[in-house]
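# Fold and contact review
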Amino acid sequence: MKKALFPSNLARRQLLAACAAATLLNAAPLTVQAQAAYPNRPIRFIVGFAPGGSADVVARAVAQELGKDLGQPVVVDNKPGASAHIATQALLSAPADGYTILFAGLTLATNPALMASVGYNPEKDITMVSQMTAMPIVVFVPGKSEINSLQDLIAVSKKTSGGLNFASGGTGTSSHLGPELFTRTVGIKYTHVPYRGGAPALQGLLGGETDAMFDTAVTPLHRANVEAGKIKFIGVMQKDPIASYPSIKPAGQQGIAPAAFMRSWQGVAVRTGTPPEIVNKLYASIQAALKNKDVIDRLVGAGTEVQASTNPAEFQKLYRDELVRWTALIKTAGIKAE
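To keep things clear, this report deals only with the structure shown in the data block.

Thresholds, definitions, all that
Residues numbered from 1 in each chain as written. Predicted model: local features only at pLDDT ≥ 70, side-chain atom pairs only at ≥ 80, totals over all residues. Heavy atoms only, no water. Helix = DSSP H or I, 4+ residues; strand = E, 2+ residues; numbered from the N terminus. Buried < 20%, exposed > 50% of the residue type's maximum accessible area, 1.4 Å probe, protein only. Areas by Shrake-Rupley, 256 points an atom, 1.4 Å probe, with all protein chains shown as cover. Axes fitted to C-alpha atoms, helices over the stretch in contact; angles between N-to-C directions. Parallel < 35°, antiparallel > 145°, perpendicular 65-115°, else oblique. Contact = heavy atoms within 4.5 Å. Nonpolar A, V, L, I, M, F, W, Y, C, P; charged D, E, K, R; others polar. Polar contact = N/O pair within 3.5 Å; in protein donor to acceptor, adjacent residues only side chain to side chain. Patch = residues over 30% accessible without salt bridge, like charges linked within 9 Å, V, L, I, M, F, W, Y side chains within 5 Å. Salt bridge = Lys/Arg side-chain N within 4 Å of Asp/Glu carboxyl O. Pairing = 2+ DSSP bridges. Core = buried A, V, L, I, M, F, W, Y, C linked by side-chain atoms within 4.5 Å. Phe/Tyr/Trp six-rings, centres within 6.5 Å; stacked < 30°, edge-to-face > 60°. Lys NZ or Arg CZ within 6 Å of the ring centre and 35° of its normal.

## Regarding the overall build of the protein chain
- The helix and strand tally for the protein chain stands at eleven helices and ten strands.
- Looking at the protein chain as a whole, 48% of its 338 residues qualify as buried.
- Accessible surface computed for the protein chain: about 16100 Å², of which carbon and sulfur atoms make up 56%.

## Details of the environment of D294
- Following the sequence through the fold, D294 ends up in helix α10 (residues 293-301).
- Sequence spacing of D294 and V62 is 232 residues, and the spatial spacing of their C-alpha atoms is 9.8 Å.

## Focus on the packing of helix α2 (residues 54-70) against α10
- Where α2 contacts α10, the two axes come as close as 9 Å, and the packing angle between them is 175°. Relative to α10, α2 is oriented roughly antiparallel. Contacts between α2 and α10 pair V57, V58, R60, A61, V62, Q64 and E65 from the former with V295, R298 and L299 from the latter.
- Residue composition of the contact of α2 with α10, by class: six nonpolar, one polar and three charged.

## What about α10?
- Where α10 begins, the capping side chain belongs to N292, and its oxygen is found 2.9 Å from the backbone nitrogen of D294.
- Directly after α10, the chain includes G303, whose backbone phi takes a positive value near 90°.

## Structural notes on a nonpolar patch on the surface
- On the surface, a nonpolar cluster with roughly 180 Å² of combined accessible area is contributed by I296, V300 and V306.
- Mapped onto the fold, I296 is located in helix α10.
- We classify I296 as partly exposed; its relative accessible area is 30%.

## Topic: the pairing of strand β8 (residues 231-236)
- Here β8 lies mainly inside the structure; six of its six residues are buried.
- Here strand β4 (residues 126-142) runs beside β8; their pairing, made up of five bridges, is antiparallel. Considered in β8, the bridge of F140 is made with F233.

## Side note on the nonpolar core
- By size, the foremost hydrophobic cluster in this structure holds 50 residues, and its most contacted members are M128, L153, F182, M237, I256 and W326.
- Membership of the second largest hydrophobic core comes to 31 residues, among which are I43, V62, F103 and A289.

## Brief notes about the side chain of H85
- With respect to the helices, strands and loops of the structure, H85 is situated in helix α3 (residues 85-92).
- Residues in contact with H85, not counting those within four places in the same chain, are N111, M115, V118 and Y120.

## Looking at the packing of helix α6 (residues 174-186) against helix α11 (residues 312-333)
- In the contact formed by α6 and α11, the axes pass within 11 Å of each other and the chain directions differ by 75°. As judged from the angle between their axes, α6 and α11 are roughly perpendicular. Side by side, α6 and α11 meet where L177, E180, L181 and R184 of the first sit next to R325, W326, L329, I330, T332 and A333 of the second.
- Class assignment of the residues belonging to the contact of α6 with α11 gives a composition of six nonpolar, one polar and three charged.

## A word on the pattern of salt bridges
- As enumerated under the stated definition, the model contains eight salt bridges in all.
- Residues R41 and D97 are paired through a salt bridge, measuring 3.2 Å at the closest nitrogen-oxygen approach. Of this pair, R41 sits in the loop between α1 (9-36) and β1 (43-47) while D97 sits in the loop between α3 and β3 (100-105), placing them 56 residues apart in sequence.
- According to the relative accessible area criterion, R41 is partly exposed, its value standing at 39%.
- With a relative accessible area of 21%, D97 lands in the partly exposed category.

## Observations regarding the packing of aromatic side chains
- Within this structure, the stated rule accounts for ten aromatic pairs.
- Pairing F166 with F214 gives two aromatic rings, centres 5.9 Å apart and planes at 45°, and the pair type is tilted. Residue F166 is located in strand β5 (residues 164-168), and its partner F214 is located in strand β7 (residues 212-216); the two are separated by 48 residues in the primary sequence. With respect to burial, F166 and F214 carry one shared label: buried.
- Positioned over the ring face of Y99 is R41, at 3.6 Å from the centre of the ring.

In structure tokens, the structure reads:
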């Protein structure tokens, strides 16, 4: 009797199962090895702002050190537009593998309330890795103004029909939300005068078109205008002085309630679903970068203060708290994106 040239169905299934098991056993070490090797190719660092600005300076300073620590280039990819929403969408369109990271800022907490739809769930789709900086919100007026303090600002506003004109870099920016929060807290009116960016807003103030401005950080341009007598700082919206510019009197020392305090912030985020071990590795590398003296000098030079997170969960909590705070203000004030 001749032997069958092909195995029976049962034998065939047994053979296929054995092959599959062998494949899985051989693949498992490779998978572990691939995860352990992160990163084994360049990392893209998406920044939702144009090259040359303070956000770009911060991102590039940190990216350089991250690359050294991780052993792979961290390439800054500028995607400005729509209040950094384009950059956020780019992150969420990429795999959750740690090879695409996002420069996270205050707009992540304000865009969901400002826009009709952002197309993602801010609390579920974005995972924070670490805060990098805190940016003081400073208040300044023209150099020749009669206003010399926040209390002066309040007094003059009360005497002015419709309130004073406040310049901003655009609807929904921190330079808009700052005076919105301040005036509601202290009980005064104001007129919002939006410009297309912080630089035009500053020029409007210098040209006498507006009376005051809230802005993030103390940049070299601000310092130059102060030294030239063109503007003067009348406060910073926090409890304590700015380490890099202690002569600006904080709101906490001018009788302003803490409800009006605010600071902008910058950090790194990834898409939710990124493996925890990769999030933790990125976090550790960011912490190392923020201790580097050259990085610190560059960040302070950009007008920011170094502010690291204790752990990723702390930054996630800050983000959620900011979402709640700014969503409430934006909805109460009826602010909509332009």
